[in-house]
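Inside the fold
Here is what each chain is made of, one letter per residue.
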Amino acid sequence: MASEIASRAVLKELVERLAVGESLTQKEWRQLEAATLQDTRRAIAFGITAETIHTTLQARSRLLQAVYPSIEQFCQRHASLSANVIETLWHLWLPLAVWLKTRRQAVDRPWVQGILGGQGTGKTTLGAILVLILQLCGYKTVSLSLDDFYKTYDERLRLREHDPRLLWRGPPGTHDLELGLQTLDALRQLAPEQPISLPRFDKALHDGAGDRIAPTLVSGADVILFEGWFVGVHPVDPAVFEQAIAPIITTSDRAFARDMNTKLTDYLPLWQRLDSLIVLHPVDYRLSKQWRKQAEQQMRASGKPGMSDAEIDVFVEYFWKALHPELLIKPLVVKPGWADLVIDIQADHTAGAVYRGGETNT
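The following refers to the structure shown. These figures come from a predicted structure and were not determined experimentally.

Cut-offs used in this document
Each chain has its residues counted from 1, following the order in which its sequence is written. Per-residue local features of the predicted model are confined to residues with pLDDT of at least 70, and side-chain atom pairs are confined, for both listing and counting, to 80 or more; whole-chain, interface and lining totals are unaffected and use all residues. Each side-chain value is worked out from all heavy atoms of the structure, with water and hydrogens disregarded. Ring geometry is summarised as follows: Phe, Tyr and Trp rings, the Trp one being its six-membered ring, pair when their centres sit within 6.5 Å, and such pairs are stacked at plane angles under 30 degrees, edge-to-face over 60 and tilted between the two. For the purposes of this entry, the term helix denotes a DSSP run of H or I that reaches at least four residues, the term strand denotes a run of E that reaches at least two, and both are numbered from the N terminus. The criterion is that NZ of a Lys, or CZ of an Arg, lies within 6 Å of the ring centre and within 35 degrees of the ring normal, and then a charge sits over that ring. By definition, no residue in a patch forms a salt bridge, and every one has over 30% relative accessible area; like charges are joined within 9 Å, nonpolar side chains (Val, Leu, Ile, Met, Phe, Trp, Tyr) within 5 Å. Per-residue and other accessible areas follow the Shrake-Rupley method at a 1.4 Å probe size, with only the shown protein chains counted as cover for residues. Any Lys or Arg side-chain nitrogen located within 4 Å of an Asp or Glu carboxyl oxygen qualifies as a salt bridge. For the exposure calls, accessible area comes from a 1.4 Å probe over protein chains only, and a residue counts as buried if that area is under 20% of its type's maximum, exposed if over 50%, partly exposed in between. The contact definition used throughout considers only heavy atoms, calling two residues in contact when any of these lie within 4.5 Å. Two strands make a pair as long as DSSP finds a minimum of two bridges between them. Axes here mean lines fitted to C-alpha atoms, for a helix over just the part in contact, with angles spanning 0 to 180 degrees between N-to-C directions. Definition of nonpolar core: a set of buried residues of the types Ala, Val, Leu, Ile, Met, Phe, Trp, Tyr and Cys, connected through side-chain atoms within 4.5 Å. Throughout this description, any angle smaller than 35 degrees is read as roughly parallel, any larger than 145 degrees as roughly antiparallel, any in the 65 to 115 degree range as roughly perpendicular, and the remainder as oblique. The handedness criterion is simple: a crossing whose near helix is rotated anticlockwise from the far helix by less than a right angle is left-handed, and one whose near helix is rotated clockwise is right-handed. When residue character is reported, Ala, Val, Leu, Ile, Met, Phe, Trp, Tyr, Cys and Pro are called nonpolar, Asp, Glu, Lys and Arg charged, and the others, Gly included, polar.

Let's shift gears to the packing of aromatic side chains. With the rule as written, the count across this model stands at 14 aromatic pairs. Ring geometry for phenylalanine 230 and tyrosine 267: centres 5.2 Å apart, planes at 65 degrees, overall edge-to-face. Linking phenylalanine 230 in the loop between strand E5 (223-228) and helix H9 (251-263) with tyrosine 267 in the loop between H9 and helix H10 (268-271), this pair joins segments that are 37 residues apart in sequence. Pairwise contacts between aromatic rings join Trp168, Trp229, Phe230, Phe256, Tyr267, Trp271, Phe315, Tyr318 and Phe319 into one cluster. Geometry around tryptophan 90 places arginine 60 over its ring, the cationic atom sitting 5.0 Å from the centre.

A word on a nonpolar patch on the surface. On the surface, Leu167, Trp168 and Val314 cluster together into a nonpolar patch covering about 260 Å² of accessible area. Within the fold, valine 314 resides in helix H12 (residues 309-322).

Here the focus is the environment of proline 195. Here proline 195 is to be found in strand E3 (residues 195-202). The partly exposed category is assigned to proline 195, whose relative accessible area is 49%. Along the backbone, proline 195 and leucine 217 are 22 residues apart, and their C-alpha atoms lie at a distance of 6.5 Å. Excluding residues within four positions of it along the chain, proline 195 makes contact with Leu217, Val218 and Ser219.

The element strand E6 (residues 276-282) is largely enclosed, with a buried count of seven among its seven residues. Covered by surrounding structure in E6 are Ser276, Ile278, Leu280 and Pro282 together with Leu277, Val279 and His281, the residues of both alternating faces. The sheet contact formed by strand E1 (residues 111-116) and E6 spans four bridges and is parallel. Counted as the bridge partner of leucine 116 is valine 279 from E6.

So, about the sheet that holds strand E8 (residues 351-355). Within the open sheet, the six strands sit side by side as E2-E5-E1-E6-E7-E8. Their pairing is mixed. In the strand order of this sheet, the two ends are held by strand E2 (141-145) and E8, each with one partner. Each strand axis lies, on average, 20 degrees off the axis of its neighbour in the sheet, ignoring direction. Across the sheet, helix H5 (residues 85-105) lies against E1, E5, E6, strand E7 (341-345) and E8, angled at about 140 degrees from E1, the strand it touches most.

Further remarks concern the nonpolar core. One finds Phe226, Phe230 and Trp271 to be the most contacted residues of the largest nonpolar core, which totals 55 residues. Looking at which element gives the most residues to this core, the answer is H12, with seven residues. If we skip the residues at most four places from it in the chain, phenylalanine 230 touches Leu116, Leu146, Gly170, Pro171, Pro172, His175, Leu264, Tyr267, Trp271 and Leu323. Counting 51 residues, the second largest nonpolar core, distinct from the first, contains Ala43, Ile48, Val67 and Leu96.

The next point concerns the pattern of salt bridges. If the charged atoms of two oppositely charged side chains come close together, the side chains can form a pair. In total, this model carries 22 salt bridges according to the counting rule given. Between arginine 8 and glutamate 87 there is a salt bridge whose closest N-O contact spans 2.7 Å. In this pair, arginine 8 sits in helix H1 (residues 2-19) while glutamate 87 sits in helix H5, placing the two residues 79 residues apart along the sequence. On the accessibility criterion, arginine 8 (48% relative accessible area) is partly exposed. When its relative accessible area of 12% is taken as the criterion, glutamate 87 is described as buried. A salt bridge links glutamate 22 to arginine 17; the shortest N-O distance between them is 3.2 Å. Each of the salt bridges in this network shares a partner with another, and the network as a whole consists of Glu13, Arg17, Glu22 and Glu28.

This paragraph deals with the packing of helix H11 (residues 287-301) against H12. Between two packed helices, what matters for the description is the angle formed by their axes and the separation of those axes. The interhelical angle for the contact between H11 and H12, taken along N-to-C directions, is 140 degrees, at an axis separation of 10 Å. The orientation of H11 with respect to H12, classified from their angle, is oblique. The handedness of the crossing between H11 and H12 comes out as right-handed. Here Ser288, Lys289, Arg292, Lys293, Glu296, Gln297 and Arg300 of H11 lie close against H12, whose contacting residues are Asp309, Ile312, Asp313, Phe315, Val316, Glu317 and Trp320. For the contact of H11 with H12, a count of residues per class yields four nonpolar, two polar and eight charged.

Here's what the structure looks like:
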């Protein structure tokens, strides 16, 4: 353990020197290259081989120097990003941005990148960082959320009258899928500098129930980051709900889970518009409840209204009943071909292993 910590400290120091334009010796470059290849799953995920490692890290170091001042300023404005910025930038954000840039270069239209991640996984932060890096590389990038396709407040009131189980926005069936299809189709066909209106949703309206607001006008796009808590999730065999898995316990729980699973079929045309999928995967799905409690406790401590721990238990478990992570999100991680990249999220919200979907841990 001590040697591992020392080695990490050395690598961090090398990257910090690169960030400010210092040169490394050949021995130091070999250290960086060896450490990169040693993380086999991450290297495979980003397409790095022994033959390409030298040119890859040389190019990454140049990009690091170009973007580091802007990234540092961004992170200074976000206190939660103050730790391990240089390491995360080197090991994740930069290679991920290059991964996206390479894929955009391979097609003759905007690239639509799906990002699945629940609360606390950092999908909003990741999106903001990628937008910044890609724009510094000359690629106009647009962020869009599944939340932006919610039905209007009035539509959801009528929906709840029809199905009282839809207590909150979020589960399958609460989105305007036609709006989603129209928007992604328009973005995929978008010409440079061509303006397009993107739908937007304000969660604070109607005492937190939320409603659609005026759209945002954007001109052109090279990359579209489309994120959401169940983006890319496919329906599974309904037989999986026959065995109880907390909190899907009662007969009514299982009926709700089956109905939500069936409604996922309506979302498949939307997922077909994605060019690839990244999954931000908590090492334990139950962390989402812990993270939500921490966030609400911080809100209450600052004098803002926030849910109690008991209210959070009910709230989070409602969404687990709708789409249980173990039954519906885990398949994206373990089945080959369902997710292009998986990024494990640790209990402290930091990124862990990076690997291709369906790959076993070696």
